[in-house]
Amino acid sequence: MPFKFLTLEVADRVATLTINRPDKLNALNDATIAELGHAIDQIRVDDSIGGVLLTGAGRAFVAGADISELSSQTPVLAKARARAGQDVFRRFETCPKPVIAAVNGFALGGGCELAMACHIRIASDAAKFGQPESKLGLLPGFGGSQRLPRLVGKGRAMQLLLTGEMIDAAEAYRIGLVNKVVPATELMNFAKEMMKGILSNAPIAVALSIEAIDRGLGMSLDEGLVLEANHFGLLAATDDMGEGTRAFIEKRAPAFKGK
Ligand code: COA
């Protein structure tokens, strides 16, 4: 499916999904959000894709929801817009294939929220993060008030939402908002290498790890432990578990088939 505001390229089983509205710093208008939904649905079912790198064209990752669209929204439309965006971001978060955000520049508002919905965040040293919605009379509508405290803790999330101030990549790393900071020129290569490492592991084990962490966070510890044990049992029925453990014993690299 052709996209107007995105590009999707696939090489060596790694998809690179680029938000491509650089003249507006990749601000998320409703059409771009809808395209992101189509793209992640396509990625989920395309067997030639093992995982996806999400990035932005130009000097921004995403500078937020499109403020020109927000400025005239009614309460009913605002709620519907928030729910639609939340739904799309949740489809990224629950994708059984790994999703890495390669944050190349501004990740503000909806951009920070989109990065947080990805499984792993790698930031360029030029990236800037923030939830500036309170400066606009808003609060985050695409999950930021919920995912940020889960990632960095309540106090730091409060600070970012209430002040609306931007932080640099080093500070984002210090507080646990991003997994790694690399020089801007090395961002895509680093993210690609990390993805290749993940794709060399057993795909069902990767998918069930994503699900265990994602679902488990919403459960009590006891319920989460049952979920983990169920997944552990399920993996014992896969060819890949036999192959992975045998390969270790035979001191060779495993050949996983995703079965
Ligand atoms: N929505 C709509 N348009 C946006 C946008 C957004 N969230 N962020 C940037 N743009 C547009 C600007 O309006 C400008 O368009 P124009 O050239 O047609 O005037 C273009 O992108 C470039 O942005 P500009 O502000 O000129 O760049 P800058 O380098 O001076 O500042 C930012 C960069 C990121 C600090 C600034 O654009 C900004 O504060 N953006 C809004 C961030 C925000 O509040 N996000 C949360 C939204 S809920």
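Note that the coordinates shown come from a computational prediction; the quantities given were computed from them, not determined experimentally. (Residues numbered from 1 in each chain as written. Predicted model: local features only at pLDDT ≥ 70, side-chain atom pairs only at ≥ 80, totals over all residues. Heavy atoms only, no water.)

Some remarks on the packing of helix H3 (residues 75-93) against helix H4 (residues 110-117)
Next, step 1: With their axes 8 Å apart at the nearest point, H3 and H4 run at an angle of 35° to one another. Across from Phe89, Phe92 and Glu93 in H3, the residues of H4 making contact are Gly110, Glu113, Leu114, Met116 and Ala117.
Next, step 2: The residue inventory of the contact of H3 with H4, partitioned by class, reads 5 nonpolar, 1 polar and 2 charged. (Axes fitted to C-alpha atoms, helices over the stretch in contact; angles between N-to-C directions. Helix = DSSP H or I, 4+ residues; strand = E, 2+ residues; numbered from the N terminus. Contact = heavy atoms within 4.5 Å. Nonpolar A, V, L, I, M, F, W, Y, C, P; charged D, E, K, R; others polar.)

Some thoughts on the site of the ligand
Next, step 1: Around the ligand, the surrounding shell holds 17 residues, and the nearest of these are Lys24, Arg59, Ala63, Ala65 and Ile67.
Next, step 2: With respect to the ligand, the backbone of alanine 63 contributes an N or O atom lying 3.0 Å from a nitrogen atom.
Next, step 3: Relative to its unbound accessible surface of 860 Å², the ligand loses 60% to contact with the protein.
Next, step 4: Taken together, the residues that form the shell around the ligand break down as 11 nonpolar, 1 polar and 5 charged. (Near = heavy atom within 4 Å. Polar contact = N/O pair within 3.5 Å; in protein donor to acceptor, adjacent residues only side chain to side chain. Areas by Shrake-Rupley, 256 points an atom, 1.4 Å probe, with all protein chains shown as cover.)

Comments concerning the packing of helix H9 (residues 203-216) against helix H10 (residues 221-235)
The angle between the axes and the distance between the axes are what describe a pair of packed helices.
Next, step 1: Between H9 and H10, the shortest axis-to-axis distance is 10 Å and the interhelical angle comes to 170°. With respect to H10, the element H9 is oriented roughly antiparallel. Contact residues: Ile204, Ala205, Leu208, Glu211, Ala212, Arg215 and Gly216 in H9; Leu227, His231, Leu234 and Leu235 in H10.
Next, step 2: For the contact of H9 with H10, the residue count by class is 7 nonpolar, 2 polar and 2 charged. (Parallel < 35°, antiparallel > 145°, perpendicular 65-115°, else oblique.)

Brief notes about the sheet that holds strand E3 (residues 51-56)
Next, step 1: Taken together, 6 strands build an open sheet; the order of strands is E1-E2-E3-E5-E7-E10 and the sheet is mixed. Of all strands in the sheet, those with a lone pairing partner are strand E1 (6-11) and strand E10 (180-182), marking the two edges. Averaged over all pairs of adjacent strands, the angle between strand axes in this sheet comes to 20°, irrespective of strand direction.
Next, step 2: Contacting E1, strand E2 (14-19) and E3, helix H1 (residues 30-45) crosses the sheet at an angle of about 20° to E1. (Pairing = 2+ DSSP bridges.)

Describing empty space enclosed by the protein
To find leftover empty space, one rolls a probe the size of a water molecule over the atoms.
Next, step 1: For the structure on display, the rule yields 1 cavity of 30 Å³ or more.
Next, step 2: Here the largest cavity defines a volume of roughly 40 Å³.
Next, step 3: Leu28, Asn29, Asp30, Ile33, Ala65, Asp66, Glu69, Leu70, Arg81 and Phe142 together form the lining of the largest cavity.
Next, step 4: Those elements that provide at least two residues to the lining of the largest cavity are H1 and helix H2 (67-70).
Next, step 5: Classifying every residue of the lining of the largest cavity gives 5 nonpolar, 1 polar and 4 charged. (1 Å grid on protein atoms, 1.4 Å probe; cavity = no way out; pocket = protein on both sides within 12 Å on 5 of 7 lines; lining within 4 Å. Points joined across faces, edges and corners; volume = space filled by probe spheres on them.)

Observations regarding a nonpolar patch on the surface
Next, step 1: Where nonpolar side chains cluster on the molecular surface, the patch consists of Ile67, Leu136 and Leu138 and spans about 240 Å² of accessible area.
Next, step 2: Its location among the elements puts leucine 136 in the loop between strand E8 (128-130) and helix H5 (144-152).
Next, step 3: The exposure class assigned to leucine 136 is partly exposed, which follows from its relative accessible area of 46%. (Patch = residues over 30% accessible without salt bridge, like charges linked within 9 Å, V, L, I, M, F, W, Y side chains within 5 Å. Salt bridge = Lys/Arg side-chain N within 4 Å of Asp/Glu carboxyl O. Buried < 20%, exposed > 50% of the residue type's maximum accessible area, 1.4 Å probe, protein only.)

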